[in-house]
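# Coordinates in review
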Amino acid sequence: MDQILCMNGGEGKASYAQNSFVQEQVMSKAKPVLQETLRELYLESFPECLKLADLGCSSGPNTLLLLREIINSIDVICKQLNKKEPLFQMFLNDLFRNDFNTIFRSIPSFYEELRREKGGNFGPCFIAAMPGNFYGRLFPNRSLHFIHSSYGVQWRSQVPGNFVSEFGSPLNKGNIYLARTSPKSVLEAYLDLFKRDMTLFLMSRSEELVPEGRMVLTMIGRDASINLPDDQVSSILELLGMTVSDMVQEGLIEEEKLDNCNMPCYLPTPEEVRHVIQEEGSFHITRFETFKVTWDAEMGYGDVQLRGKYVAASIRAIAEPILAMHFGEEVMMDGLFERFARKVSQYTELHKGEYFNILVSIKNR
Ligand SMILES: C[S@@+](CC[C@H](N)C(=O)[O-])C[C@H]1O[C@@H](n2cnc3c(N)ncnc32)[C@H](O)[C@@H]1O
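Just so we're clear, the structure is a prediction, and the values are computed from it rather than from any experiment. (Residues numbered from 1 in each chain as written. Predicted model: local features only at pLDDT ≥ 70, side-chain atom pairs only at ≥ 80, totals over all residues. Heavy atoms only, no water.)

Bringing the overall build of the chain into the picture now. For the chain, the count of helices and strands is 9 helices and 7 strands. In terms of overall dimensions, the chain is globule-like: its C-alpha atoms have a radius of gyration of 21 Å, near the 21 Å expected for 365 residues. When its C-alpha atoms are laid out on the principal axes, the chain stretches across 65 × 40 × 35 Å. Relative to its 365 residues, the chain shows a buried fraction of 56%. When contacts within the chain are restricted to residue pairs at least 6 apart in sequence, those whose partners lie at least 24 apart make up 84%. A gap of 6 Å separates the mean positions of the 38 positive and 48 negative side-chain charges of the chain. (Helix = DSSP H or I, 4+ residues; strand = E, 2+ residues; numbered from the N terminus. Rg over C-alpha atoms; globule rule 2.2 N^0.38 Å. Buried < 20%, exposed > 50% of the residue type's maximum accessible area, 1.4 Å probe, protein only. Contact = heavy atoms within 4.5 Å. Lys, Arg positive; Asp, Glu negative; His and termini not counted. Charge placed at Lys NZ, Arg CZ, Asp CG, Glu CD.)

Of the volumes computed, that of the second largest pocket is approximately 440 Å³. In terms of lining, the second largest pocket is formed by 15 residues, of which the most central are K13, K309, A312, A313 and R316. Of all the secondary structure elements, the ones that give two or more residues to the lining of the second largest pocket are α8 (304–327) and α9 (333–350). In the lining of the second largest pocket, the residues fall into 6 nonpolar, 3 polar and 6 charged. (1 Å grid on protein atoms, 1.4 Å probe; cavity = no way out; pocket = protein on both sides within 12 Å on 5 of 7 lines; lining within 4 Å. Points joined across faces, edges and corners; volume = space filled by probe spheres on them. Nonpolar A, V, L, I, M, F, W, Y, C, P; charged D, E, K, R; others polar.)

It is worth spelling out the packing of aromatic side chains at this point. Aromatic ring pairs are reported here in terms of the distance separating the ring centres and the angle at which the planes meet. Following the criterion strictly, the structure yields 14 aromatic pairs and no others. An angle of 80° between the planes, with centres 4.9 Å apart, marks the rings of F134 and Y135 as edge-to-face. Accessibility classification places F134 together with Y135 in one group, the buried group. Seen in terms of ring centroids, F134 and F201 are 5.4 Å apart; in terms of plane orientation they differ by 85°. Their pairing is edge-to-face. Here the residue F134 occupies a position in the loop between β3 (125–129) and β4 (144–150), and F201 occupies one in helix α4 (residues 184–208), the gap between them amounting to 67 residues. According to the relative accessible area criterion, F201 is buried, its value standing at 0%. The positively charged end of R274 is found above the aromatic ring belonging to F288, 4.2 Å away from the centroid. (Phe/Tyr/Trp six-rings, centres within 6.5 Å; stacked < 30°, edge-to-face > 60°. Lys NZ or Arg CZ within 6 Å of the ring centre and 35° of its normal.)

What follows concerns the site of the ligand. Surrounding the ligand, one finds 20 residues, the nearest of these being Y16, G56, N62, D94 and N133. One nitrogen or oxygen atom from the side chain of N133 is found 2.8 Å from a nitrogen atom belonging to the ligand. F134 is positioned such that a nitrogen or oxygen atom in its backbone is 2.9 Å from a nitrogen atom of the ligand. Burial of the ligand by the protein chains amounts to 98% of its free accessible area of 600 Å². Of the residues belonging to the shell around the ligand, the class tally is 10 nonpolar, 9 polar and 1 charged. (Near = heavy atom within 4 Å. Polar contact = N/O pair within 3.5 Å; in protein donor to acceptor, adjacent residues only side chain to side chain. Areas by Shrake-Rupley, 256 points an atom, 1.4 Å probe, with all protein chains shown as cover.)

With 113 residues, the main nonpolar core has Y177, F201 and I315 as its most contacted residues. Among the elements that make up this core, the one with the highest residue count is α8 (11 residues). The residues contacting F201, other than those within four sequence positions of it, are L55, F134, Y135, V153, M215 and L217. (Core = buried A, V, L, I, M, F, W, Y, C linked by side-chain atoms within 4.5 Å.)

Despite not being glycine, Y151 shows a phi value in the positive range, around 60°. Mapped onto the elements of the fold, Y151 is located in the loop between β4 and α4. Residue classification places Y151 among the buried positions, given a relative accessible area of 9%. A positive phi angle is found at E212, which is not glycine, with a value near 70°.

With respect to the helices and strands, the residue S361 is situated in strand β7 (residues 354–364). What makes S361 buried here is its relative accessible area of 0%. Within polar-contact distance, the side chain of S361 engages the side chain of T37 at 2.9 Å. Beyond its immediate stretch of four places on either side in the chain, S361 contacts V33, T37, M215, V216, H284, I285, T286 and R287.

Let us look at the pairing of strand β1 (residues 49–55). In terms of burial, β1 is largely enclosed, as 5 of its 7 residues are buried. Sheet analysis places β1 next to strand β2 (residues 87–93), joined by 7 bridges and oriented parallel. Each bridged residue has a counterpart across the sheet, and for D54 the counterpart in β2 is L92. Relative to β4, β1 runs parallel, the two sharing 3 bridges. In the strand pairing of β4, A53 is matched with I147. (Pairing = 2+ DSSP bridges.)

Dropping the structure here:
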């Protein structure tokens, strides 16, 4: 996975940079917890240089937006206490194929804006990249005060196992991820991988954070407390899988390729997240919240066609590289995502499409 996964790079029409309003809205909803966590962290230790990392930073406006929020939060506290601002060292992490160059190009204007806004009273702030797989070690022992990750840890470290029955027939037939028709064994395999990944993630971060260091994680999850009616999908990926299935019916995609496709992500329930944190044992949970955002981040402006196009573009920005790799370049991505946009429009005419998000703030023991 660490050699394969990436979001659409650059700043073009299909790029993650141009299609990440949902993630921006998610970060904005998580802001009060971020601010509160930073406040507690800073007041407990007053570090001279605040060492931070954003894991799964991708490339786009959200990457430096987080750093701006962090600097603003600390600025407010320092002004209240009449203290000089600390230095900031920020590590931006993502996998090796991430478009770090686009981020680097935006750093000079970011520094310039900060200087204009804050005058000589801040920082300085040092930004560095740390490419690598966050399911494993990234930083030296006890070298960070704060770690953030938004919409990163729902990605898995590997494509889940090849789901075939003892007779060799595919178990997750017609789906690209867990769907209502998926057998229990497939759900269990995904859950098992999630637990293993998260345990390794937490163990690694616990070594890298100073004692009492903080971490704020936001991820897409699923709400297990509701019973889904038959006409609703369990996640947006189920709808994308239905679109691929339509293309199989049209003879545009091989059936076998669909049956072998298992997206490397898992949307956990709040209980599963809480359980894995408690079981791993390195962290103490200080905040645990859930909230929803619509699939289009309210950008469809009530126009159902526009909403479909908007949602399809946001999913394309994150899923295109991996789908192209699985189905082959010959499967025309324009065609797939045009069909998907129509499916989303039809679906959201009848149902509210929403991401269910899990937000946790945890403290290293
Ligand atoms: C949907 S993007 C979120 C980007 C950004 N945090 C935001 O909120 O806009 C998720 C990012 O996590 C990265 N990612 C997924 N698995 C990862 C891993 N194991 N190690 C490092 N980065 C990973 C992906 O490459 C992707 O750029």
